[in-house]
Amino acid sequence: MKKDLIALVYVDDVLFFGTTEKIIDEMIKDLQKDFDLNVEDDVFAFLGIEIFKNKQGQLCLRQKGLIDRIISAVGMDENTNAAKTPAATIGVGADVGGKVREKNWNYASVVGMLLYLAGNTRPDIAFAVHQAARFSHKPMKVHEDAVKRIVRYLIGTKEEGLSFGSDSKLNLEAYADADFAGLWGVEEPSDATCVKSRTGYLIRLGGCPLVWKSKLQTLIAVSTMEAEYIALSMCMRELIPLKRILAELNGVFKFELEGALTKSTVFEDNASAVQLATVPKMTPRSKHIALHYHFFRKFIGDGIVEVKHVSTDLQIADIFTKGLGDTKFEKLRKLLMGW
């Protein structure tokens with residue numbers, strides 16, 4: 001990183017971002033004095049991710065090639081009936097003593113490809129993939145069916161991906177949500193996992209998704225408020241370092257980032273969690289929550305981050321916490337990915 005230029009390096013592949021082509025060309029010439037470089041044109045693919053502009057002039061990322069490999073790996077084709085959502089509304093448990101798998105395709109390999117897809121260009125399948133990945137060590141038929149449903153969903157949406165438009169204000173904002181004890185009645189009562197809650201959060205810049213996560217919480221929350229507060233804390237751990245990186249990038253490219261650099265907004269749909277995050281003092285009822293989840297309160301007090309309530313209907317992070325019905329899933333996907 002230097003004035004007016006940034007180099008993104010992965011092993012022996014490099015992407016250059018500069019304010020002008022002249023600055024990039026000069027950097028390449030300097031490097032060629034010491035290294036044997038193979039210089040290509042504008043980037044069209046990187047690490048298996050297609051990069052292109054659509055008819056609206058938006059920068060788009062997608063992984064059609066990987067999706068085709070996944071479809072082939074499970075023995076399906078494009079004529080297979082597509083699913084409207086990647087996961088059922090009922091969660092998937094270990095299914096101890098249930099039906100064994102019927103097919104012999106490599107479950108772990110397919111889940112690995114799905115994880116790479118979900119982590120790069122398809123946040124809409126993040127919950128469904130993480131749910132299936134939990135059982136890679138001993139998949140049963142119910143887990144096989146869950147993966148096949150994800151693949152059938154991808155068959156109907158394989159042309160899609162992330163779209164990055166130009167927003168007049170590059171605000172850094174986040175959405176955090178939790179599903180309290182969502183596996184109760186799904187996992188065995190003797191398994192502590194049945195009372196664990198799931199965290200889901202999204203961080204975006206100028207309306208474009210940057211970071212997203214769907215993950216079971218390690219601490220067992222004893223209330224909806226506590227589960228939501230833990231999700232809020234986990235989101236803050238990603239958001240606050242991103243603000244520092246954004247400030248460094250602003251030193252290179254001089255974006256219009258006044259709002260993003262001074263204060264970021266985190267949207268939470270649980271009023272009690274919002275109140276706990278913003279009150280000046282802790283209450284006796286909340287002191288049992290592990291102290292490391294309270295770290296972000298200082299940043300709220302300093303005005304670096306603010307927490308606002310958002311209605312459940314507009315809580316985008318809900319798509320990362322549980323399986324949703326067709327109508328709600330499509331509504332939140334539109335807010336998340338624009339399609």
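We now examine the overall build of the protein. If you tally the helices and strands in the protein, you get ten helices and eleven strands. Its C-alpha radius of gyration of 22 Å places the protein within 12% of the 20 Å reference for a compact globule of 339 residues. By principal-axis analysis of the C-alpha atoms, the protein measures approximately 65 × 55 × 35 Å. Residues classed as buried in the protein amount to 44% of the 339 residues present. Of the contacts formed within the protein by residues at least 6 apart in sequence, a portion of 72% connects residues at least 24 apart. In the protein, which carries 44 positive and 44 negative side-chain charges, the distance between the mean positions of the two groups comes to 5 Å.

With that out of the way, let us pick up the pattern of salt bridges. All told, the structure shown has 14 salt bridges when counted by the stated rule. Between Glu159 and Lys64 there is a salt bridge, with the nearest N and O atoms lying 3.2 Å from each other. Of this pair, Glu159 sits in the loop between α5 (141-157) and β6 (162-164) while Lys64 is found in helix α2 (residues 64-73), placing the two residues 95 residues apart along the sequence. The residue Asp302 makes a salt bridge to Lys298 at a minimum N-O spacing of 2.8 Å.

Parameters and conventions
- Residues numbered from 1 in each chain as written.
- Predicted model: local features only at pLDDT ≥ 70, side-chain atom pairs only at ≥ 80, totals over all residues.
- Heavy atoms only, no water.
- Helix = DSSP H or I, 4+ residues; strand = E, 2+ residues; numbered from the N terminus.
- Rg over C-alpha atoms; globule rule 2.2 N^0.38 Å.
- Buried < 20%, exposed > 50% of the residue type's maximum accessible area, 1.4 Å probe, protein only.
- Contact = heavy atoms within 4.5 Å.
- Lys, Arg positive; Asp, Glu negative; His and termini not counted.
- Charge placed at Lys NZ, Arg CZ, Asp CG, Glu CD.
- Salt bridge = Lys/Arg side-chain N within 4 Å of Asp/Glu carboxyl O.

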